[in-house]
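Structural description and commentary
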Amino acid sequence: MTTIDQAAAQRRPQYRHATEVPVPVAEQLLNPFSWRVGHWAFFLGVMTMVADIIVALYVFNFFGLSRQFEISMWLLVAGLLGFTAITLALYAVVFNAGRGIGIAAFLLSFFFGAAPAWLVGNTIWQLIINGGQLPYAPIDW
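Below is a summary of the structure that appears in this document. Keep in mind that what you see is a predicted model, and the values were worked out from it rather than measured.

**With respect to the overall build of the protein chain**
From N to C terminus, the protein chain includes four helices and zero strands. Put simply, the protein chain runs from its N terminus to its C terminus through helices and strands in the order α-α-α-α. For the protein chain, the proportion of its 141 residues judged to be buried stands at 21%. Restricting the contact set of the protein chain to residue pairs at least 6 apart, pairs at least 24 apart contribute 61%. Carbon and sulfur atoms make up 68% of the accessible area of the protein chain, which totals about 10,600 Å².

Written out as structure tokens, the structure is:
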């Protein structure tokens with residue numbers, strides 16, 4: 001006997017009080033207005049990965065010579081995105097705002113975003129300590 005054959009009073013509700021009805025994956029991916037914090041963290045983690053790939057292409061001279069400014073700007077973008085993605089992923093895990101995807105976002109953003117985020121944070125810290133000037137450290141290009 002299936003649940004369709006049973007009377008409505010005897011069937012147990014599949015989703016109690018209809019508080020959590022699963023949405024198809026494609027519909028959830030294509031509707032950013034329904035994303036939770038974990039989904040946004042994963043999105044920022046992917047953007048950090050893209051920024052790191054662009055930095056790697058510049059570093060390995062894929063785009064040509066003398067691109068130091070572009071490398072530093074893409075590292076800045078990757079650092080800011082990485083810091084934001086790690087922070088959002090931790091928020092998603094701790095406060096259960098998309099915890100499953102938040103864990104995946106934390107792993108992705110920590111792998112790709114921790115080093116650039118540390119570089120940006122260290123640069124800001126050095127600016128604060130040294131009164132608005134970075135210490136002289138020539139880069140041997």
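**Side note on the side chain of serine 109**
Of note, serine 109 is situated in helix H4 (residues 99–129). Residue serine 109 is classed as buried on the basis of its relative accessible area of 0%. At 2.7 Å, the side chain of serine 109 and the backbone oxygen of alanine 105 are in polar contact. Excluding anything up to four places from it in sequence, serine 109 contacts Gly45, Ala85, Ile86 and Ala114.

**Remarks on the environment of valine 77**
Topologically, valine 77 is positioned in helix H3 (residues 68–94). Along the backbone, valine 77 and valine 55 are 22 residues apart, and their C-alpha atoms lie at a distance of 10.0 Å.

**Thoughts on the side chain of aspartate 52**
With respect to the helices, strands and loops of the structure, aspartate 52 is situated in helix H2 (residues 37–59). With near-sequence residues (within four places) excluded, aspartate 52 lies in contact with Ala78, Phe112, Gly113 and Pro116.

**Considerations on the layout of surface pockets**
Considered as a void within the structure, the largest pocket measures approximately 620 Å³ in volume. In terms of lining, the largest pocket is formed by 18 residues, of which the most central are Ser72, Leu119, Thr123, Leu134 and Ile139. Sorting the residues of the lining of the largest pocket by element identifies H3 and H4 as the ones contributing at least two each. No other element matches the seven residues that H4 contributes to the lining of the largest pocket. Classifying every residue of the lining of the largest pocket gives 13 nonpolar, five polar and no charged.

**Digging into the packing of aromatic side chains**
Per the counting criterion, the structure on display carries six aromatic pairs. Aromatic side chains phenylalanine 111 and phenylalanine 112 sit 4.9 Å apart centroid to centroid with 90° between the ring planes, which places their arrangement in the edge-to-face category. Phenylalanine 112 sits in the partly exposed class, given a relative accessible area of 22%. Among the aromatic residues, those joined into a cluster by ring pairs are Trp35, Trp40 and Phe43.

Cut-offs and rules
- Position labels on residues start from 1 in each chain and follow its written sequence.
- Under the rules for a predicted model, residues below a pLDDT of 70 receive no local features and side-chain atom pairs below 80 are neither given nor counted, while totals for whole chains, interfaces and linings still include all residues.
- Only heavy atoms go into the side-chain values, all of them from the structure, while hydrogens and water stay out.
- Every helix listed is a DSSP run of H or I at least four residues long, and every strand listed is a run of E at least two residues long, numbered separately from the N terminus.
- Between buried and exposed lies partly exposed: a residue is buried under 20% and exposed over 50% of the maximum accessible area for its type, with that area taken using a 1.4 Å probe on protein chains only.
- In this description, contact between two residues means that some pair of their heavy atoms is separated by no more than 4.5 Å.
- Methods summary: accessible areas were calculated by the Shrake-Rupley approach with a probe of 1.4 Å, and residue burial reflects only the protein chains presented.
- Whenever a nitrogen or oxygen atom comes within 3.5 Å of another N or O atom, the pair is scored as a polar contact, on the condition that within protein one atom can donate a hydrogen and the other can accept it, and that pairs from neighbouring residues in sequence are kept only if both atoms are in side chains.
- Note on definitions: the grid is 1 Å and covers protein atoms alone; a cavity is a set of points where a 1.4 Å probe fits but cannot get out; a pocket is an open set with protein on both sides within 12 Å along at least five of seven lines; lining residues have an atom within 4 Å of a point.
- Grid points are joined across faces, edges and corners, and a volume is the space filled by probe spheres set on the points.
- Residues are grouped as follows: Ala, Val, Leu, Ile, Met, Phe, Trp, Tyr, Cys and Pro are nonpolar; Asp, Glu, Lys and Arg are charged; all remaining types, including Gly, are polar.
- Any two of the Phe, Tyr and Trp rings considered here, Trp counted by its six-membered ring, make a pair once their centres fall within 6.5 Å; the pair's planes then place it as stacked at under 30 degrees, edge-to-face at over 60, or tilted in between.

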